[in-house]
Each structure stands twice: as structure tokens, then as C-alpha cells.
Amino acid sequence: MSLGARAAFVLIPLTALLIVLWTATAVHLPADISVAWVPAIGVNLDFHIDGLSLLMLLMITGVGTAVFVYAGGYLAGHPQQNRLYILLTMFMIAMIGCVTADNLIVLFLFWEMTSLVSFLLVGFNHEDLSSRKSAQQALVVTGSGGLALLAGAILLGQVMGTLSIQEIIAALPDTERTPALTTALVLILLGAFTKSAQFPFHFWLPNAMSAPTPVSAYLHSATMVKLGVYLVARLDPGFGDWLLWQWTLQLFGSITAAWAMLLALRERDLKRILAWSTVATLGTLVMLVGMDGRGATVAVGALLLAHALYKAPLFFVAGNVDHGTGTRVIDRLGNLRHAMPFTAAAALLAGLSMAGVPLSFGYVVKDVISEAKAVGDVMEIVKVANTIFGAVAVAVAGVAAVRIFWRHPGRNDTPEAHEGGLALIAPPLLLASMGIVLGIFPFMADWLVSVASQAMSPRAEAVAVHFALEVGPGLLSLLVTLGIGAAIFWYWDPLHRLFDRLAGVLDSFSMVANYERFLKGIPATAAWTTRALQHGRLPDYGVLLLGFVSALMGGILLAGWSQWVWPAWITPTAGFVGACAIIATGGVLAVLMRDRLVLLLASGLVGFGSAVFFMYVGAPDVAFTQFVVESVFVIVVASVLLKLKQRGMGQGLAGAHVSRSALVVSLVFGGVVTLWLLVAVGGAFDPMLSKFFAEKSVPEAHGRNVVNVILVDFRALDTLGEISVVMLSFLAALPLLQAVRAHMRNDKPGVRRQGGEA
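Residues numbered from 1 in each chain as written. Predicted model: local features only at pLDDT ≥ 70, side-chain atom pairs only at ≥ 80, totals over all residues. Heavy atoms only, no water.

**Remarks on the overall build of the protein chain**
(1) Moving on: Looking only at helices and strands, the protein chain has 30 helices and two strands in total.
(2) Moving on: For the protein chain, whose C-alpha radius of gyration is 36 Å, the value lies well above the compact-globule estimate of 27 Å for 758 residues.
(3) Moving on: Sorting the 758 residues of the protein chain into buried and exposed places 44% on the buried side.
(4) Moving on: Long-range pairs, those at least 24 residues apart, make up 78% of the contacts in the protein chain with a sequence separation of at least 6.
(5) Moving on: Accessible area for the protein chain stands at about 37,000 Å²; split by element, carbon and sulfur atoms hold 69% of it.
(6) Moving on: Charge separation in the protein chain, taken as the distance between the mean sites of 45 positive and 43 negative side-chain charges, equals 13 Å. (Helix = DSSP H or I, 4+ residues; strand = E, 2+ residues; numbered from the N terminus. Rg over C-alpha atoms; globule rule 2.2 N^0.38 Å. Buried < 20%, exposed > 50% of the residue type's maximum accessible area, 1.4 Å probe, protein only. Contact = heavy atoms within 4.5 Å. Areas by Shrake-Rupley, 256 points an atom, 1.4 Å probe, with all protein chains shown as cover. Lys, Arg positive; Asp, Glu negative; His and termini not counted. Charge placed at Lys NZ, Arg CZ, Asp CG, Glu CD.)

Quick look at the structure:
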């Protein structure tokens, strides 16, 4: 791919970044855009840009520009580089749509677009089996969560009477907390947790590290995995007062943060170590959203920005190390600062911010998080998880920035290393340097984080980020965290060996193992259900179908039992009673008879009884039609049965019997249908439709027979379709009938068959 083509692709996110910067300076926020799309169901292309959207847009376009530049150097000469750029562009568009959409359905569409494009990006090296499996795993987990999100969005929209996110947020605090609204909340959280790799869905993100490094730096550190955090932060002003919301976010976020950091100690691959630390950061963000208080929203905005500025460079560093040495295994890496000085500098700057060392933006963030915990009502598990997260984050930063660049690995088979070109070293250096600049001059991020905080807490005044290096509890807590983190870094290898000894126990209960069991269970369950249900016995199929319909209809009846209006008793006429008696007699005889011909005649009584019923309820046309159809049907089928009996093929139903389950299901189904008919009759009759046809039949259709007018005029296309179906069915069956006729002629005695003998 030529340099000009790469530069053209880089201009796409760069132009988007300039537009976002212009929006931040020239447009008064919040800004709204609305375009009619499907107004019949309330789905319009509504977009809303406020401080939170602006922060996400800057990360999407800013880090995106760095990723596009980096991808040009990382995949230089790769035959599929053009495909990568196209997919990254599509992903950027989907992300922009997600963080600006103000309609739940539009948000879902962009949300699923990120999952689909992510599947293609994770499986970019599709020749590799591990890449394909990782892409499949990411799509299954995030796609399943997307379906939950869709269900929650539809339910939330129905409960609130609107699909506008801003309108929903404004109305939620004053809305009654119904079971439907609680269900919508749970479904939305499920979708957010799968996207942001929260426990128990945390396993898919590290496995997605089979993707090329530009993809990991863009999708799995700065953008896509933060969509779940963005969604809960966006909805927090509406659900934030719910204890279910607060406890769920704090509990699952804390478990994710602590457990992911411990799992990082098991890894030897640098990218997977960084991936687990990303999962832990996502858990911390979710936990912060679940905390009350204005300081928590400031901490969310600051950590979102800081994480993008130090984690994307560290992924770039991992890519440079892999590109320059051919390996990412930390046991084989060491003293790389001599061969890769610029990468070492970028790793050091990003590592300082990740560890929260003073004069880095990471320190500002940790200070704000400490303040948020001090003033907010948080669970004890939050404090424990934050301690583990902070300490292991220091150790991970040490592994990425110190161990592989400044410490000898202690082995002689270390690979040769070389520094990459400008496209590989400029992006990590620039982003990591911004983390240090914002640490020294944090007022430069005041406005951005403040407007993001205001968007997450619109009913409160946003708190400005401040930098205060003072000797006090905050600094003392930082020193303790740095000390524990340094100890973990120093004993990383012994801790890793300890986890290796526990690997068998951990792996057997891990979510990865459960995911594999789930995949294997799908065909096993399908085989079992197929054997149980698709057994080829038609009567059992009928019993199963009627049983399901009876249960469904009966459940609906029971659910609304107190609301149904039952009809008053009316003394039936003699004709009505006679019709019912004929129908009942035919039904009972059809069950008891064993001869096919007698069974047919008995079942015909049901049709003739129905015709009598139509006569006595004022529908003579329908009655005559029923008489004709039933007569023709009985005559034709009886002729066929007699012909089969003459040919020795009509053996009757002597061995057949009615099972108890079929009898019970039939009685239940009849009872349920009867109750439904009573409910239908008991309701007030709405004559609007009857009145319409009665008034329009003569002047518009020129016919006095309303039934014929409906069939021929008002339902003309429907009737034409039915006639067409019957005609096409006849044409399709005609060759078969002709073949049967020819076969029967050849079977007659005295007719010469092909082959010569009479």
C-alpha cells in the first residue's frame, strides 16, 4: 500500500478530530440533531452531543488518528493493509454513532455494528485458528449481550412512552419502579456488562489479543470496550437513585477490577497482561458510575481520559516489541532500551501515568478517585478492590515500562531487537507525553472533564479537576499503593509460579471453561431435543402442539382472570342445541371409531353440525359454503378410501389407540378454547367495522351481499392471492397426478409394460 493511500486513510480520523475540536470551541453544548426516519414506530435519527459525548468523541478520533498512523508502519507491506483501514474506518463511524445517538434503537444499531466490525478485526488473521476462535468468542458474548440490550431498550421505550434517551433520563427519577422497568434495567446492564467485559463476561477481552496491535490499541483499550461504561454513565442520571443500580454496578465492577488484576499475574504475554489490566480498569469505571456523589462522575471522566492516554501507548509499545523482537513473552525480553530507546521512553511515560506517580495525569485521577470514595457511600468490597487494582496496576506498569527495557531477563536466548520507524514510535510517544503534560498542567483538562461530569450529573454542579500535591492522607495512600505495587512487581515471577500451581483448579471453574462447556452443550442439547421431539410420530406432534397452545392460552387467561367480562346466560334455541349435539357426537365418534371410512363419516358430522350452527346464528351464506365444502370433502375422501380398500391397502385403524396424554390435552384444549370464546362473547361488541361495510357495500362496491362484497372488492387482493395459491398448488401437483395415473394404467392386467411382457 503506497504512502499516499495510507495518508489518505489517516486524513479520515484526523478530519473527524478537527471537526470535534471545532464543535468543542464553536458550538454551544448540548447540541441536538434530529432527522425523521421511521416515525410510525418512534424511531428517528436523533443525535445528542454533550460533555460525555464530546469526551468519547475526542478519544475515538484522537486515539483513532494515532492508530491509523501506527497501522501504516505496523502492517507496512502487508497485502491486507487496505482491508484493515476500511474496517477501522467503519468501526470509527459506528463508535461515533453510538456515543451521539439519542434514540435507543439507533444506539442499538450502531452498537451491533461495532460488534460485527470487531468480529472482522479480531479475526483479521483469519488463516490462524486461534484468531478465528477469538473472533467467534467475542461475537458470541457481545452479540448475545446486544440482544439483551435490544430487549431492554424496547421494554424501556414501552414503559417510558418514548425512545429518546434524554427524555427517558429526565423522566426516570419520577417514574414508578415497576417490574417491567426493573426488567429493562437488568437487560440493559447485561448488554453493557458483556460489551465492557465485566464479570462473568470478562474472559473474552484477553482472548481477543490475537488481533493485530493497532486493533487492540483502538478497540480494546480506548473505544469499544468502554461502550458499556458509556451506556451506564449515560443512564446513570435516570437510574442512579436505585439501590439495585448502585449495588449491581459497585459489586460487579469491584469483582471485575480485583479478579482481573489477579489473573494478570498468570500471564507471560505482554499484550495479555495489558488486556487484563484493561478489564480491571473497566471494572473500576463501572464501580465509579455506581457510586453516588458528584466526585464520582468527575472520577469517571478523568479515568476515561487517562486510561486512553496511557493504555493505548502501552499497547503500541507491546506491538513495537513484538515487531522488533518477534516475541511478546516477558521471560525472553530485557534490556531493550539500548535497541529501542524511543519505545522505552514511551513505555516509561505511559507507565508513570498508569502507576499514578506524581506529575502524571494518572496521579490526578487517583487523587480524584480517593476523594470520590471519601465523600460517597460505597461498599467495603469497593475499597478492597480499589486497593488490589491500584497495587497490581503499579506492578503491570513496572512490567511494561521497566522489566523489559531496563532489566536483564537472566537468559542467553534473548532475541535481536530493533527500533521501528517514525510511524511506530511517534503515536505512543505523543499520547504518553500528553498524559504527563496533563499531569503537570491538569487545568488543561478541567473543562473537558467538568462538562463530561455535568452530563453524567445534570442536576448537580460539576466538580472541577484539581491537582494538589500535599503531604496528607491522599499522598500517604499513594505511597502505600506504590510500595505494595513495587513488591508485587519484584515478586512477579514467584506469584506467577504460585498461580501456575493453582492453574488446574482455576481453569476448571473459569468462565472460559464454562464458555467451552456451553458451546459443547449446544449440539448435545439439540441432539437430545431432536430425539425427544422429532421422532416421526405425527399424533405425538399434534399432542405437543396442542399442549403448548393450551398452556399459552391458559396462562393468558389466568393472568387476566380478574379483568375478564363473562357473558350473561342466554337460553339457547333448539337449533343451536341440535347443532352443538351434532358437533359433539361427531367429535366423540371420531375418537372411538377404528374403521377409516366410518371415522371420516363421523368427522363429517362436525362439519355439518357447524353448518347448522351458522344457519341459526344468521350466516346462511357461510352455512351453504360449509355444506358444499364438507360434502365434497367427504365424498372425495370416501371414494379414495374405498379405492384403497379395493386394492387391499385400507387396513383400518384396528391397532390404533388413544393415549391418555392425547385425551387429557384434547379436553384441556377444548376447555381453554371454550373459555376464550366466552371471554370474546362477553366483551362489548364494537359495530364500527360492521357499520363501515354496511354503509359502503352498495355505494362503493355496488353489491348488497356484504360477504361477497368483502371477498371480491374490499379483500380483492387477498382473495386473488388465495386463488393464485390454489392454482399454483394444482399446477405443482398436476405432474404427480399424471404420473400416478400412468402408473395405475401400467399396473392393469393385459397392459404391456416397458420391457415387453404383457
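After that view, the rundown keeps rolling.
**A closer look at the packing of helix H3 (residues 81-100) against helix H4 (residues 104-122)**
(1) Moving on: At a minimum axis distance of 8 Å, the contact between H3 and H4 shows a crossing angle of 155°. Judged on the interaxial angle alone, H4 and H3 are roughly antiparallel. Of the two possible hands of crossing, H3 and H4 adopt the one that is left-handed. The segment H3 lies against H4, with Leu84, Leu87, Leu88, Met90, Phe91, Ile93, Ala94, Met95, Gly97 and Cys98 engaging Leu107, Phe110, Trp111, Met113, Thr114, Val117, Leu120 and Leu121.
(2) Moving on: Residues of the contact of H3 with H4, tallied by class, amount to 16 nonpolar, two polar and no charged. (Axes fitted to C-alpha atoms, helices over the stretch in contact; angles between N-to-C directions. Parallel < 35°, antiparallel > 145°, perpendicular 65-115°, else oblique. Left-handed = near helix turned anticlockwise from the far one by under 90°. Nonpolar A, V, L, I, M, F, W, Y, C, P; charged D, E, K, R; others polar.)

**Thoughts on a nonpolar patch on the surface**
(1) Moving on: Together, Leu359, Val437, Ile440, Phe441, Phe443 and Met444 make up a nonpolar patch on the protein surface, roughly 580 Å² of accessible area in all.
(2) Moving on: Counting through the fold element by element, leucine 359 comes out in the loop between helix H14 (341-355) and helix H15 (361-375).
(3) Moving on: Given the relative accessible area of 46%, leucine 359 is considered partly exposed. (Patch = residues over 30% accessible without salt bridge, like charges linked within 9 Å, V, L, I, M, F, W, Y side chains within 5 Å. Salt bridge = Lys/Arg side-chain N within 4 Å of Asp/Glu carboxyl O.)

**Here we look at the side chain of serine 53**
(1) Moving on: Of note, serine 53 is situated in helix H2 (residues 51-74).
(2) Moving on: Among the residues examined, serine 53 registers a relative accessible area of 0% and is labelled buried.
(3) Moving on: One polar contact links the side chain of serine 53 to the main-chain carbonyl oxygen of valine 99, over a distance of 2.7 Å. (Polar contact = N/O pair within 3.5 Å; in protein donor to acceptor, adjacent residues only side chain to side chain.)

**A look at unusual backbone geometry**
The phi angle of most residues is negative, glycine excepted, and most peptide bonds adopt the trans form.
(1) Moving on: For the bond running from leucine 29 to proline 30, omega is 0°, close enough to zero to count as cis.
(2) Moving on: Residue proline 200 follows phenylalanine 199 across a cis peptide bond; omega there is 5°.
(3) Moving on: Despite not being glycine, histidine 702 shows a phi value in the positive range, around 55°.
(4) Moving on: One can find histidine 702 in the loop between helix H28 (688-701) and helix H29 (706-714).
(5) Moving on: Accessibility expressed as a relative area gives 71% for histidine 702, which makes it exposed.

**Topic: the packing of helix H11 (residues 243-264) against helix H16 (residues 380-406)**
(1) Moving on: Closest axis-to-axis distance for the H11/H16 pair is 8 Å, and the angle between their directions is 30°. As judged from the angle between their axes, H11 and H16 are roughly parallel. As for how H11 packs across H16, the hand of that crossing is left-handed. From H11, Gln250, Leu251, Ser254, Ile255, Ala258, Met261 and Leu262 reach across to H16, where they touch Ile381, Val382, Ala385, Ile388, Phe389, Val392, Ala393 and Val396.
(2) Moving on: Partitioned by chemical class, the residues of the contact of H11 with H16 number 13 nonpolar, two polar and no charged.

**Examining the side chain of threonine 162**
(1) Moving on: On the secondary structure map, threonine 162 appears in the loop between helix H5 (129-160) and helix H6 (165-171).
(2) Moving on: Among the polar contacts made by the side chain of threonine 162, one reaches the main-chain amide nitrogen of serine 164 at a distance of 3.1 Å.
(3) Moving on: The residues contacting threonine 162, other than those within four sequence positions of it, are Gly157, Glu167 and Ile168.

**Structural notes on the pairing of strand E1 (residues 31-38)**
A regular strand places its side chains so that they alternate between the two faces of the sheet.
(1) Moving on: With six bridges connecting them, E1 and strand E2 (residues 43-49) associate as antiparallel partners. Looking at the pairing, serine 34 lines up with aspartate 46 of E2.
(2) Moving on: Linkage of E1 to E2, two consecutive antiparallel strands, is achieved through a turn of four residues, within which glycine 42 is found at a positive phi near 75°. (Pairing = 2+ DSSP bridges.)

**Description of the pattern of salt bridges**
(1) Moving on: Under the counting rule described, the total for this entry stands at 11 salt bridges.
(2) Moving on: Residue arginine 272 pairs with glutamate 267 through a salt bridge whose shortest N-O separation is 3.0 Å.
(3) Moving on: A residue is classified by how much of its surface remains accessible, and arginine 272, at 23% relative accessible area, is partly exposed.
(4) Moving on: Residue aspartate 322 is joined to arginine 328 by a salt bridge in which the shortest nitrogen-to-oxygen separation is 3.2 Å.
(5) Moving on: Each of Arg268, Asp331, Arg403 and Asp493 takes part in salt bridges that share partners, so that together they form one network.

**Comments concerning the nonpolar core**
(1) Moving on: The biggest cluster of nonpolar side chains holds 169 residues, and the ones touching the most others in it are Leu121, Leu156, Trp204, Tyr218, Phe239, Trp245 and Leu304.
(2) Moving on: Top contributing element to this core by residue count: helix H13 (residues 294-325), with 19 residues. (Core = buried A, V, L, I, M, F, W, Y, C linked by side-chain atoms within 4.5 Å.)

**Examining helix H22 (residues 511-533)**
(1) Moving on: When the terminal C-alpha atoms of H22 are compared, their 31 Å separation across 23 residues agrees well with the 33 Å that a helix rising 1.5 Å per residue should span.
(2) Moving on: Of all the bends in H22, the greatest, near 30°, is centred on glycine 521, and the proline proline 523 appears no more than four residues after it. (Expected span 1.5 Å × (residues − 1). Bend = angle between axes of the 7 residues up to and from the residue.)

**Some thoughts on the packing of aromatic side chains**
Pairs of aromatic rings are described using the distance from one ring centre to the other and the angle between the two planes.
(1) Moving on: This model, assessed by the stated rule, comprises 16 aromatic pairs.
(2) Moving on: Taking the centre distance of 5.5 Å and the plane angle of 45° together, the rings of phenylalanine 203 and tyrosine 515 count as tilted. Taken as a pair, phenylalanine 203 in the loop between helix H7 (179-195) and helix H8 (204-207) and tyrosine 515 in helix H22 lie far apart in primary sequence, 312 residues in all.
(3) Moving on: By way of ring pairs, the aromatic residues Phe9, Phe68 and Tyr85 are connected into one cluster.
(4) Moving on: Directly above the aromatic system of tryptophan 490 lies the positively charged group of arginine 407, at a separation of 5.8 Å from the ring centroid. (Phe/Tyr/Trp six-rings, centres within 6.5 Å; stacked < 30°, edge-to-face > 60°. Lys NZ or Arg CZ within 6 Å of the ring centre and 35° of its normal.)

Such coordinate-based values are descriptive only and should not be taken to indicate function.
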